[in-house]
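# Observations on chain architecture
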Amino acid sequence: MKGFVRANQNVGLCGLSCGLCSMKMGGYCPGCGGGGGNQSCAMAKCSMERGNFAYCVECSDYPCEKYKDFDQWDSFITHQNREKEMCRLLELGEEAYTTEIIEKRKLLETLLAECNGGRKKTFYFLAVNLLPLSVIREILEQGQTYEDWAEMSPKMRENLIVPLLQKEAKTCGVELKLRKKV
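Residues numbered from 1 in each chain as written. Predicted model: local features only at pLDDT ≥ 70, side-chain atom pairs only at ≥ 80, totals over all residues. Heavy atoms only, no water.

### Quick notes on the packing of helix α5 (residues 121–130) against helix α7 (residues 154–172)
What counts here: Helix axes use the C-alpha atoms of the stretch in contact, all axes being lines fitted to C-alpha atoms, and the angles between their N-to-C directions lie in the range 0 to 180 degrees. Under the DSSP-based scheme used, a helix requires at least four consecutive residues in state H or I and a strand at least two consecutive residues in state E, with every element numbered from the N terminus. Angles below 35 degrees are treated as roughly parallel, those above 145 as roughly antiparallel, those between 65 and 115 as roughly perpendicular, and all remaining angles as oblique. Two helices cross in a left-handed way if the nearer one is turned anticlockwise from the farther one by less than a right angle. They cross in a right-handed way if the turn is clockwise. Contacts are assigned to residue pairs with any non-hydrogen atoms lying within 4.5 Å of each other. Residues are grouped as follows: nonpolar covers Ala, Val, Leu, Ile, Met, Phe, Trp, Tyr, Cys and Pro; charged covers Asp, Glu, Lys and Arg; every other residue, Gly included, is treated as polar.
At a minimum axis distance of 11 Å, the contact between α5 and α7 shows a crossing angle of 40 degrees. With respect to α7, the element α5 is oriented oblique. Here α5 runs over α7; the crossing is left-handed. Between α5 and α7, the residues in contact are F123, Y124 and A127 and E158, I161, V162, L165 and Q166, respectively. Residues of the contact of α5 with α7, tallied by class, amount to 6 nonpolar, 1 polar and 1 charged.

Have a look at this one:
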């Protein structure tokens, strides 16, 4: 969609956490309104037609028909918290919310670099997207306090961190799996 540009590339127009997306972090997508990304997005077109809202939640018609079944299935990024995250953005304000996304991204980068034995990339993306920042921070800090942390291989760290994240997810009622359309 020509002309659709957004200043904040960490939070999508629709509420997805673009800053925590594997496609964006991998350099495959510039994010919502960042240039060559999903420029055929119906929500972007709608925003341009209605006055270029920064977020769909600002529109008087939100949630509209475009959101029907929007959160039912995941793509490469989870949609499970999208509506909850939009409410959080309104509650905190854009600057504080974006700061939180950036901190989560740093924790995610640490998990991927230090605690990934090779098969937990999607798991970590889901955990960081779906669990509260304080929980992610606490679990990583807890793992780093282990006496042998510095000597552990990424696989050993993974074996330590993953069960902690799974336990917390269960406590929060969160399933750390992408919901694919069958």
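Now that the structure has been shown, we can carry on.
### Overview of empty space enclosed by the protein
Our working definition: Lining residues are those with an atom within 4 Å of a point, where the points come from a 1 Å grid over the protein atoms alone and group into cavities, where a 1.4 Å probe fits but cannot get out, or pockets, open sets with protein on both sides within 12 Å along at least five of seven lines. Grid points are joined across faces, edges and corners, and a volume is the space filled by probe spheres set on the points.
Per the stated rule, a full pass over the model turns up 1 cavity of 30 Å³ or more. In this structure, the largest cavity encloses a volume near 60 Å³. Forming the boundary of the largest cavity are G15, L16, S17, T78, N81, R82, E85 and N129. Split by residue class, the lining of the largest cavity holds 1 nonpolar, 5 polar and 2 charged.

### Observations regarding the pattern of salt bridges
Inclusion rule: Salt bridge, as used here: a side-chain nitrogen of Lys or Arg that lies within 4 Å of a carboxyl oxygen of Asp or Glu. Accessibility here uses a 1.4 Å probe with only protein chains present; expressed as a share of the type maximum, an area under 20% marks a residue as buried, one over 50% as exposed, and anything in between as partly exposed.
Tallying each qualifying case throughout the model produces 7 salt bridges. The partner of E100 in a salt bridge is R88, and the shortest N-O contact between them spans 2.7 Å. One end of the pair, E100, is in helix α4 (residues 94–114); the other, R88, is in helix α3 (residues 82–92), with 12 residues separating them in the sequence. Judged by relative accessible area, which is 15%, E100 ranks as buried. We classify R88 as partly exposed; its relative accessible area is 28%.

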